[in-house]
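# Geometric and topological summary
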Amino acid sequence: MTDFAALLQPDRGQPARAIDVVHPDRFADWLSAQPPRVRTLLAAQKINGKAGNRAILPGDAPDDWSALLVCDEPESSPWRIASQGEILPEGTYRLRDGNVGAAGLGWLLAQHRFDRYRASEPAGARVLLSSDPARIDETVRLAEATAKVRDLVNIGASDLGPAELEAEAAMLADRFAATLTVTRGDALATGYPMIHTVGQAASRERAPRLIELEWGSPDHPRVAIIGKGVCFDSGGLDIKPSSGMRLMKKDMGGAAHALALAGLVMAAGLKLRLHLLIPAVENAIAGNAFRPGDVLRTRHGMTVENTNTDAEGRLILGDALTKAAEGNPSLILDFATLTGAARVALGADLPATFANDEALAADLLAAGTAVHDPMWRLPLWDGYDEMLKSDIADMVNAPDGGFAGAITAALFLRRFVPAGVPWAHLDTFAWRPVAKPARPKGGEALGLRAVWQVLKARYA
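The text that follows walks through the structure, step by step, so that each part is easy to find.

Rules and cut-offs
- Residues numbered from 1 in each chain as written.
- Predicted model: local features only at pLDDT ≥ 70, side-chain atom pairs only at ≥ 80, totals over all residues.
- Heavy atoms only, no water.
- Helix = DSSP H or I, 4+ residues; strand = E, 2+ residues; numbered from the N terminus.
- Rg over C-alpha atoms; globule rule 2.2 N^0.38 Å.
- Buried < 20%, exposed > 50% of the residue type's maximum accessible area, 1.4 Å probe, protein only.
- Contact = heavy atoms within 4.5 Å.
- Areas by Shrake-Rupley, 256 points an atom, 1.4 Å probe, with all protein chains shown as cover.
- Lys, Arg positive; Asp, Glu negative; His and termini not counted.
- Charge placed at Lys NZ, Arg CZ, Asp CG, Glu CD.
- 1 Å grid on protein atoms, 1.4 Å probe; cavity = no way out; pocket = protein on both sides within 12 Å on 5 of 7 lines; lining within 4 Å.
- Points joined across faces, edges and corners; volume = space filled by probe spheres on them.
- Nonpolar A, V, L, I, M, F, W, Y, C, P; charged D, E, K, R; others polar.
- Phe/Tyr/Trp six-rings, centres within 6.5 Å; stacked < 30°, edge-to-face > 60°.
- Pairing = 2+ DSSP bridges.
- Axes fitted to C-alpha atoms, helices over the stretch in contact; angles between N-to-C directions.
- Salt bridge = Lys/Arg side-chain N within 4 Å of Asp/Glu carboxyl O.
- Core = buried A, V, L, I, M, F, W, Y, C linked by side-chain atoms within 4.5 Å.
- Parallel < 35°, antiparallel > 145°, perpendicular 65-115°, else oblique.
- Expected span 1.5 Å × (residues − 1).

Before going further, it helps to spend a moment on the overall build of the protein chain. Each helix and strand counted, the protein chain has 15 helices and 20 strands in total. For the protein chain, the C-alpha radius of gyration of 24 Å lies close to 23 Å, the compact-globule estimate for 460 residues. If one aligns the C-alpha atoms of the protein chain with their principal axes, the spans along those axes are about 80 × 45 × 45 Å. Expressed as a percentage of the 460 residues in the protein chain, the buried residues total 57%. Considering only contacts in the protein chain between residues 6 or more positions apart, those separated by 24 or more positions represent 76%. Accessible area for the protein chain stands at about 19,100 Å²; split by element, carbon and sulfur atoms hold 51% of it. Averaging the coordinates of the 49 positive side-chain charges in the protein chain and doing the same for the 55 negative ones gives two points 3 Å apart.

Laid out in structure tokens, this is it:
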């Protein structure tokens, strides 16, 4: 893991090169205040004040220079100076105006590399000085949590199965003196039948399991955080085409988000009783794989007619939600790479957000806007609930026709949430298909910082 703490340091007046961050609307005024040699240099490089312009500016001494970035990102954006964190040479820097703010996160993440399978060329440390030392620790923790999600999602399924997710939870439990409980393999058959059924075709070393971590005082409000942990999704007997299976190592992205969020909660010592649940499986194909038409038992007691083995994520989440509800939580949050329908509707950047509580929904959306981690709310439309009807069981897991796929998946999950318990479900992509500064192509944390902001506001 990148040593983020070494890259964001308090400003105690130590030597550092300056970075000028200039808004396009103020570029002309800024330029007019520069010495002639700077104006001449910028003119020669055709720096015209458009957003994205960058340049190295000469100083008074031969070895003195500073950096210019023309940027139209607001000061609240974590990505404001992310490009500088990627391209500047090794050294120590400070913003000329002294206001690092949220931009420290982008600076840190710009220097993180996923190098498990391929060594990256060392670029040297680029240290940013902050005049707000009280903010540094949380910025570092957010960078670590984001990088954790990215790294877990990027790992190939051959190296990350249910056992490895369990190991990640065990490391968290050891670090924060939490209690870890794991129910594995055939022991799931009676208590968590849907988790068992979905994962039973995997090889023994990749046996399904429900991973649970509990932390915090029992006197505090209980908060359940659930993450879908399908470590690889072949689609089961309703097998995916090769194009659809290519990225299915990332189908445990919900679990990665849940683990990272749990780490943030415990590191900050929030006043809540944390219950982390990760149903971890591989949706594999073998002679004992579950079939279309099978009727599944659930921990809740309802029966589910399986109409599509590729709609397995909602099945394992159903058992996890039931277990979470048994603890009488005051809040339930789940993260899942659940439906392609959400991506068709909203693309890669926006997690489809469902909530059964208006105050919770408003807090999540407002937090997403405030910290530049946007989400988009979709409705739990009661009129579509009848699409889950089955002729032989209490419900189906995937309606015929394909309409409103993200909504019907959320409605399926809602059946396992007790009435009156605030619950939010984030159908996130956990992947960035196109690189941006400090946001490389690959695994991505989407919705993590927004949810963290809400928990921090409620339980600090």
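For the rest of this paragraph, the subject is empty space enclosed by the protein. What the rule picks out here adds up to one cavity of 30 Å³ or more. L8, V100, G101, S130, D132, R135, I136 and T139 together form the lining of the largest cavity. In the lining of the largest cavity, the residues fall into three nonpolar, three polar and two charged.

Moving on: the packing of aromatic side chains. What the rule picks out here adds up to five aromatic pairs. With a centroid separation of 5.9 Å and an interplanar angle of 70°, the aromatic rings of F114 and Y117 are classed as edge-to-face. Classification of Y117 by relative accessible area gives partly exposed; the value is 47%. An aromatic cluster is present here, built from W65, Y93 and W107 joined pairwise through their rings.

Taking strand neighbours across the sheet as the criterion, the six strands line up as 1-6-5-2-4-3 in an open arrangement whose pairing is mixed. Edge strands, defined here as strands with exactly one partner in the open sheet, are strand 1 (8-10) and strand 3 (54-58). Strand after strand, the sheet turns through a mean of 30° between neighbouring axes, direction not considered.

Extensive coverage of strand 10 (residues 229-233) is indicated by the burial of five of its five residues. Of the strand pairs in this sheet, strand 10 and strand 11 (residues 273-283) are connected by four bridges, and their pairing is parallel. Residue pairing for strand 11: G229 is matched across the bridge by A280.

Let's shift gears to unusual backbone geometry. With phi around 55°, N328 is a residue other than glycine that occupies positive phi space. Within the secondary structure, N328 is located in the loop between helix 11 (313-325) and strand 14 (331-336). In this structure N328 comes out as exposed when scored by relative accessible area, which is 65%. Non-glycine residue A404 carries a positive phi angle of around 50°. For A404, the position within the fold is in the loop between strand 17 (395-396) and helix 14 (405-414). You can call A404 partly exposed: its relative accessible area is 26%.

Turning our attention to the pattern of salt bridges. Enumeration according to the criterion identifies 26 salt bridges in this entry. The closest approach of N and O atoms between R299 and E326, which form a salt bridge, is 2.9 Å. Taken as a pair, R299 in the loop between strand 12 (295-297) and strand 13 (303-305) and E326 in the loop between helix 11 and strand 14 lie far apart in primary sequence, 27 residues in all. Among the ionic pairs, E444 bridges to R432, the shortest N-O distance being 3.0 Å. Separated by 12 residues along the polypeptide, E444 in the loop between strand 20 (442-443) and helix 15 (448-459) and R432 in strand 19 (residues 431-432) bring together distant segments of the chain.

The next subject is the nonpolar core. In this structure, L165, L213, W215, I225, M266 and L455 are the most contacted members of the largest nonpolar core, which totals 89 residues. When residues in this core are grouped by element, the largest group, 10 residues, is from helix 10 (residues 253-268). Core analysis: the second largest hydrophobic core is formed by 43 residues, I316, A406, L413 and V421 among them.

Running from N to C, helix 6 (residues 162-176) and helix 10 point in directions that differ by 0°, and their axes come no closer than 11 Å. Accordingly, the angle class assigned to the pair helix 6 and helix 10 is roughly parallel. Across the interface between the two elements, L165, E168, A169, L172 and F176 of helix 6 pack against A255, L259, A262, G263, M266 and A267 of helix 10. The class makeup of the residues in the contact of helix 6 with helix 10 is nine nonpolar, one polar and one charged.

Its 12 residues give helix 15 an end-to-end C-alpha distance of 16 Å, which sits within 8% of 16 Å, the value for a rise of 1.5 Å per residue. Taken together, the buried positions of helix 15 are occupied by L448, R449, A450, V451, W452, V454, L455 and Y459.

Here D319 lies in helix 11. Remark: the alpha-carbon pair of D319 and E386, spanning 67 residues in sequence, is separated by 21 Å. In this view, D319 contacts Y192, P193, M194, I195, T298 and R299; residues no more than four positions away in its chain are not counted.

Right, let's talk about the sheet that holds strand 12 for a bit. Read across the open sheet, the three strands follow the order 12-13-17; overall the sheet is mixed. Only two strands of the sheet have a single partner each, and these edge strands are strand 12 and strand 17. In terms of strand pairing, strand 13 meets strand 17 through two bridges, oriented parallel. Looking at the pairing, E305 lines up with V396 of strand 17.

The values reported here are purely geometric and, on their own, carry no functional implication.
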